[in-house]
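Reading the structure
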Amino acid sequence: LFYPHHCLGCGNENISTEALLCPFCFTDLPRTHFIGLPNNPTERIFSGRLPVEHAYSEFYFQKESVIQHLLHQLKYNHKTNIGTFIGEMMGETMSTTKGFAEIDAIVALPLNKAKEKKRGYNQSAFLAKGISSVLGKPVLENTIERIRHTETQTRKQREERWHNVAYGFRVKSPEPIQHKHVLLVDDVITTGASIESCGRCLLSVPGVKLSVASAAIT
């Protein structure tokens, strides 16, 4: 009565206390089924731009969809348990393929320190945490940082997005990722500009191989 437990998708109260979504919203999630598909749309975004071993997105980002609502709650309303929940789903999907199962470490796309302080957390870090809990791979939290504040990418065109994030990252601690296969994690991929810039920085460390995973793709 005092602490009702609602589905985070539709608001239905008829769900178990452990579940975040009712069965209807869970089955309505717009999965991409990209995993294991060579040259899938996420991989094609980085073709000729960033040498990635593997890339995939778990969901399509559709307006007015359950996944848009969930990611909005994660990013702006402190619903960090949604990030872990989605990350666990991503981890389960990745565990079915040899390529992703062979990663050595996980890195969340960093936020600028001022933005993270204002928000209170990095949403991608919770996705990484969920993936880690399934794959059993460590999340490296202090390997790379965003060294310049960038404006929101939401309303920018492709070229504007690239100039907004170019050269905006710095490797703080290269030793943990030297000669390792690193998984770079983000919440939503649109043009891939932020991932490309951060990925180039990670690949500057000797021996690094890079794969990319996102919760959603537009």
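All values reported here derive from a predicted model rather than from experimental measurement.

Within the protein chain one finds nine helices and six strands. By residue count, 50% of the 218 residues in the protein chain fall in the buried class. For the protein chain, restricting intrachain contacts to residue pairs at least 6 apart in sequence, the fraction spanning at least 24 positions comes to 74%. When the accessible area of the protein chain is evaluated, it comes to approximately 11,300 Å², of which 51% is carbon and sulfur surface.

By size, the foremost hydrophobic cluster in this structure holds 59 residues, and its most contacted members are Leu21, Ile86, Met90, Met94 and Leu183. Ignoring anything within four residues of it in the chain, the contact list for Leu21 reads Cys7, Leu8, Gly9, Ile15, Phe26, Leu29, Val66, Leu70 and Phe85.

What follows is about the packing of helix 4 (residues 80-94) against helix 7 (residues 123-135). Running from N to C, helix 4 and helix 7 cross one another at 40 degrees; their axes reach a closest spacing of 6 Å. If you check the angle between helix 4 and helix 7, you find them oblique. Here the hand of the crossing between helix 4 and helix 7 comes out right-handed. Along the contact surface, helix 4 presents Thr80, Gly83, Thr84, Ile86, Gly87, Glu88, Met90, Gly91, Glu92 and Met94, while helix 7 presents Phe126, Leu127, Lys129, Gly130, Ile131, Ser133, Val134 and Leu135. Partitioning the contact of helix 4 with helix 7 into residue classes produces eight nonpolar, seven polar and three charged.

This part is about the environment of Asp28. Mapped onto the elements of the fold, Asp28 is located in the loop between helix 1 (23-27) and helix 2 (41-46). Judged by relative accessible area, which is 53%, Asp28 ranks as exposed. Asp28 sits 19 residues away from Gly9 along the chain, and the two C-alpha atoms are 9.8 Å apart.

This part covers the sheet that holds strand 5 (residues 181-189). Strands sit in the order 1-6-5-2 across an open sheet of four strands; the sheet is parallel. Both edges of this open sheet fall to strand 1 (55-60) and strand 2 (105-108), since each of them pairs with a single strand only. Neighbouring strand axes in the sheet, compared pairwise and without regard to direction, differ in orientation by 20 degrees on average. Its contacts with the sheet put helix 7 on strand 2, strand 5 and strand 6 (209-217), and the angle it makes with strand 5 is roughly 130 degrees. Packing of helix 9 (residues 193-203) onto the sheet brings it into contact with strand 5 and strand 6, and relative to strand 5 it is tilted by some 170 degrees.

Moving on, we get to the pairing of strand 2. Burial along strand 2 is two-sided: Ala105 and Val107 and Ile106 and Ala108, pointing in opposite directions, are all buried. Bridge analysis of strand 2 against strand 5 gives four bridges, and the strand direction is parallel. Its bridge partner being in strand 5, Ala105 is matched across the sheet by Val182.

Reading the values: rules and limits
- Residues numbered from 1 in each chain as written.
- Predicted model: local features only at pLDDT ≥ 70, side-chain atom pairs only at ≥ 80, totals over all residues.
- Heavy atoms only, no water.
- Helix = DSSP H or I, 4+ residues; strand = E, 2+ residues; numbered from the N terminus.
- Buried < 20%, exposed > 50% of the residue type's maximum accessible area, 1.4 Å probe, protein only.
- Contact = heavy atoms within 4.5 Å.
- Areas by Shrake-Rupley, 256 points an atom, 1.4 Å probe, with all protein chains shown as cover.
- Core = buried A, V, L, I, M, F, W, Y, C linked by side-chain atoms within 4.5 Å.
- Axes fitted to C-alpha atoms, helices over the stretch in contact; angles between N-to-C directions.
- Parallel < 35°, antiparallel > 145°, perpendicular 65-115°, else oblique.
- Left-handed = near helix turned anticlockwise from the far one by under 90°.
- Nonpolar A, V, L, I, M, F, W, Y, C, P; charged D, E, K, R; others polar.
- Pairing = 2+ DSSP bridges.

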